[in-house]
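Architecture at a glance
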Amino acid sequence: MSINKGTLTLARYFDSRFVLSRSVSTAHGTLKQIFPDKKLTSHADWHKFSVEQPEEFWGGVARSSLKWMVPFQKAMNCDMKKGQFEWFQNGKINASVNCIDRHVEVDPERIALIWEKDEPGTEEKITYRSLFQMTNQIANLLRRHNVKKGDVVALYMPVSPLAVASMLACSRIGAIHNVIFAGFSADAIATRVQDCNAVVLITADEGVRGGKTIPLKQTVDKALGRCPSVKNVFVMRRTGAEVPMATNHFYFQDLMEQEKSECAPESMQSEDSLFLLYTSGSTGKPKGLVHSTGGYLTYAGFTHKTAFNYQVGDIFGCVADIGWVTGHTYVVYGPLLNGGASVLFESTPTYPDPGRYWETVERLKISQFYGAPTAIRLLLRYEESFVNKYDRSSLQTLGSVGEPINVEAWEWFNDLVGEGRCDLVDTWWQSETGGICLTPRPSEEEAEILPGKPMRPMFGIEPTLFDEKGNVLTGKGDLNGSLCLKTPWPGMARTIFGDHERYVNTYFKPYPGYFFTGDGGHRDPKGYWQITGRMDDVINVTGHRLGTAEVEDVLDEHHDVAEAAVVGFPHPIKGEGVYAYVVLKEHVDTEREVMLGQLREMVKKGISGFAVPDHIQFCSGLPKTRSGKIMRRILRQVAANNQDNLGDISTLADPGVVDEIVKNHEELQ
Ligand code: ATP
Ligand code: MG
């Protein structure tokens, strides 16, 4: 049998029960307000309108949801073939005004940020008025230190109100922020700062995570010798630890206090850059993606509101770090554009114990909880009481992002955490797309949500699949191929900093006229979408195309397995062989030989004989990026006996894991 990717998943998804949501999205209500003359009723009609008339659609959204200093004249001027995009031509706008000033005018005492600090129960609430004050003081401070419109400011800071205010302060004066995850090494800081020529670096004395301090300033000091563009360093006091200060290093809060709390916002062209951000580096050297102002803000605000059904008064809890795009769009910009209250989560999912997320949900009364499958897979190893003992009745929507969410993790999240009464939305998107592109919501009359699938395209998004020969796949059956997006949308990144050619070659050359995502997609006969993994994760075993995620899904279902990663390796007879890395749950004492037999049997039954792994390695952890994604390219190299050539591992979270899997691999041979 030649199994086409998705056959198994389809069968399994269809006999799973589906969830009917109680609180259906108000996306259509929003759209009706923006377009009162459109007599559209069904979701399909609204979506059709958004992709067939993107200029009218996004023009309407941008005009009604943002405050423009000078109205734009033409909503779009885009060329997918050339990779050239212009949204909201000649419009002038300031991001910080839209995120803060508008709300201060109507409700200054409303909570903007809740800083959920590492120690439970020590949260700090920041009103829009005080966010305004901090942001303006920092903006004045940056201006005083000669930061000009178009300059890049690097941030290497803990998740904190001052970090958010620093991002917004940059936007206030037209500087471009570049947030570097405050866990990266000195080398990673140096390469990123050198790449973008940042003139200022803002950091903290130390970070605090999981009860441990992280020497941020010390790490910055190690990098600075290689960062000649940096003229000044500002140091936020987080723990108050003594750190060495050079003559151009200043304590941030001390200087801020001396600044006025009003700073005239810069009037920015819609296409001016708002920020640049390096990708996770899962597939290679991180790319410094550049996002625009008007287009990004339009997409961030709109998707935040519609994908999560966000209403003012809700407490939005996205636990991503601000160092990733999820932190940019759904911790900072999306919630603040919508006048919301956003949680800044400084801690880890297991500090002080694996109940931390749910204890936080209870204490802060979080309405939308948005996290990553890697954390869910970690938490489901522990007893259910870590979830059950907390009141989660405030939750309405649960969200997942970053990697495919396997069915077991989806069900644990949905049934246990969400008590089966919340919408659980798997959201697919990328640093490149600026915001969510596939998600079960918004859809008013179609309430069905299936496990582990992002299902429906966001308004304005038109997913398309290509086969290996470069033909568009059409028809109503099961389709599997290379996922591309056809219609331009305002949130898309405009270039790779300093390397426009790489941008065009990576995203627009492979399928002319389309944006190439690099991911594989599956569309089922009902028209629902699923991500099958990265395109490089589809392997060919004795002529059968096999998505490695599919094998992982089966292995993950074994009750003793916490996490699994599957890769292909060159095989003299089969073309490619299947190599599985398996992490077991805590306290598993089943014999390894017995377990191997069970796992092989499960794959054989669940998929087919050809998919049974040639090698199964048990390991204590998987190599992951600092954003928690499995770095399959390292696993591929090890499986192929190329352990001396692992490529760029600068974004690897725990290099020790690699030594272990190399050693285990050598023992398996
Ligand atoms: P790099 O581009 O440097 O290799 P990266 O792709 O991991 O790194 P991000 O932009 O942070 O960097 O991640 C986007 C990718 O994450 C997507 O292309 C996809 O492979 C994966 N992803 C994100 N959300 C989902 C999801 N809901 N389901 C499946 N995959 C997802
Ligand atoms: Mg990517």
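This write-up is about the structure you can find in this document. If you're wondering where the values come from, they're calculated on a predicted model, not measured in any experiment. (Residues numbered from 1 in each chain as written. Chains lettered and ligands numbered in written order. Predicted model: local features only at pLDDT ≥ 70, side-chain atom pairs only at ≥ 80, totals over all residues. Heavy atoms only, no water.)

1. Focus: the overall build of the protein chain
A tally of helices and strands in the protein chain yields 21 helices and 30 strands. Burial status across the protein chain gives 64% buried among its 669 residues. Across the protein chain, every contact between residues at least 6 apart in sequence was considered, and the portion connecting residues at least 24 apart equals 71%. Of the accessible surface of the protein chain, which amounts to about 24,100 Å², a share of 49% is contributed by carbon and sulfur atoms. Between the mean site of the 71 positive side-chain charges and the mean site of the 83 negative ones, the protein chain shows a separation of 5 Å. (Helix = DSSP H or I, 4+ residues; strand = E, 2+ residues; numbered from the N terminus. Buried < 20%, exposed > 50% of the residue type's maximum accessible area, 1.4 Å probe, protein only. Contact = heavy atoms within 4.5 Å. Areas by Shrake-Rupley, 256 points an atom, 1.4 Å probe, with all protein chains shown as cover. Lys, Arg positive; Asp, Glu negative; His and termini not counted. Charge placed at Lys NZ, Arg CZ, Asp CG, Glu CD.)

2. A look at the pairing of strand β30 (residues 615–618)
Strand direction decides the pairing type here: strand β29 (residues 575–584) and β30, joined by four bridges, are parallel. Its bridge partner lying in β30, Tyr579 is registered against His615. Handedness of the β29-helix α19 (residues 592–606)-β30 crossover: right-handed. (Pairing = 2+ DSSP bridges. Right-handed = clockwise from strand over helix to strand, strands pointing away.)

3. Digging into the sheet that holds strand β22 (residues 479–485)
Taken in spatial order, the four strands line up as β21-β22-β24-β25 in an open sheet, and their pairing is antiparallel. Two strands bound the open sheet, and with one partner strand each, they are β21 (463–466) and β25 (529–534). Sheet twist, expressed as the mean angle between neighbouring strand axes with direction ignored, is 50°. In the sheet, β22 pairs with strand β24 (residues 515–523) via six bridges, with the strands oriented antiparallel. Residue pairing in the sheet places Leu479 in a bridge with Arg523 of β24. (Axes fitted to C-alpha atoms, helices over the stretch in contact; angles between N-to-C directions.)

4. Examining the site of ligand 1
Residues in contact with ligand 1 amount to 20 residues; listed here are only the nearest, Thr279, Ser282, Thr283, Ser431 and Lys629. One of the side-chain nitrogen or oxygen atoms of Asp519 is found 2.7 Å away from an oxygen atom of ligand 1. Between ligand 1 and Lys629, the relevant distance is 2.6 Å, taken from an oxygen atom to a side-chain nitrogen or oxygen of the residue. Coverage of ligand 1 by the protein amounts to 95% of the 630 Å² it exposes when considered alone. Among the residues forming the shell around ligand 1, the class breakdown is four nonpolar, nine polar and seven charged. (Near = heavy atom within 4 Å. Polar contact = N/O pair within 3.5 Å; in protein donor to acceptor, adjacent residues only side chain to side chain. Nonpolar A, V, L, I, M, F, W, Y, C, P; charged D, E, K, R; others polar.)

5. Describing the packing of aromatic side chains
On inspection of all chains with the given rule, the structure shows 49 aromatic pairs. Here the aromatic rings of Phe308 and Tyr370 are separated by 4.7 Å at their centres, their planes lie at 65°, and the arrangement is edge-to-face. With Phe308 in helix α11 (residues 294–308) and Tyr370 in strand β18 (residues 368–371), this residue pair connects regions lying 62 residues apart in the sequence. Aromatic side chains Tyr330 and Tyr370 sit 5.8 Å apart centroid to centroid with 75° between the ring planes, which places their arrangement in the edge-to-face category. Highlighted residues: Tyr330 in helix α12 (residues 325–337) and Tyr370 in strand β18, separated in sequence by 40 residues. (Phe/Tyr/Trp six-rings, centres within 6.5 Å; stacked < 30°, edge-to-face > 60°.)

6. What to know about the pairing of strand β8 (residues 200–204)
Burial of β8 is extensive: five of the five residues sit out of reach of the surface. Residue alternation in β8 divides its side chains into two sets, Val200, Ile202 and Ala204 and Leu201 and Thr203, and both sets are buried.

7. Focus on the sheet that holds β18
An order of β5-β4-β17-β16-β18-β19-β20 is seen for the seven strands of this open sheet, with the pairing classed as mixed. Where the open sheet ends on each side, the last strands, each with one partner, are β5 (124–127) and β20 (423–426). The mean inter-strand angle of the sheet, taken between neighbouring strand axes irrespective of direction, is 20°. Note: strand β19 (residues 397–400) against β20, four bridges, orientation parallel.

8. Focus: the packing of helix α5 (residues 95–106) against helix α6 (residues 128–144)
Look at α5 against α6: their axes get within 9 Å of each other, and the N-to-C directions meet at 135°. If you check the angle between α5 and α6, you find them oblique. Relative to α6, α5 is oriented so that their crossing is left-handed. Of the residues in α6, those touching α5 at Cys99, Ile100, Asp101, His103 and Val104 are Tyr128, Arg129, Leu131, Phe132 and Thr135. Class assignment for the residues of the contact of α5 with α6 results in six nonpolar, two polar and two charged. (Parallel < 35°, antiparallel > 145°, perpendicular 65-115°, else oblique. Left-handed = near helix turned anticlockwise from the far one by under 90°.)

9. Let's talk about the pattern of salt bridges
For the coordinates displayed, the defined rule picks out 34 salt bridges. A salt bridge links Glu56 to Lys38; the nearest nitrogen and oxygen atoms lie 3.2 Å apart. Placement of Glu56 in helix α4 (residues 54–65) and of Lys38 in the loop between α2 (27–34) and α3 (43–52) is noted, with a sequence separation of 18 residues between them. Taking relative accessible area as the criterion, Glu56 reaches 35% and is therefore assigned partly exposed. The partly exposed category is assigned to Lys38, whose relative accessible area is 25%. (Salt bridge = Lys/Arg side-chain N within 4 Å of Asp/Glu carboxyl O.)

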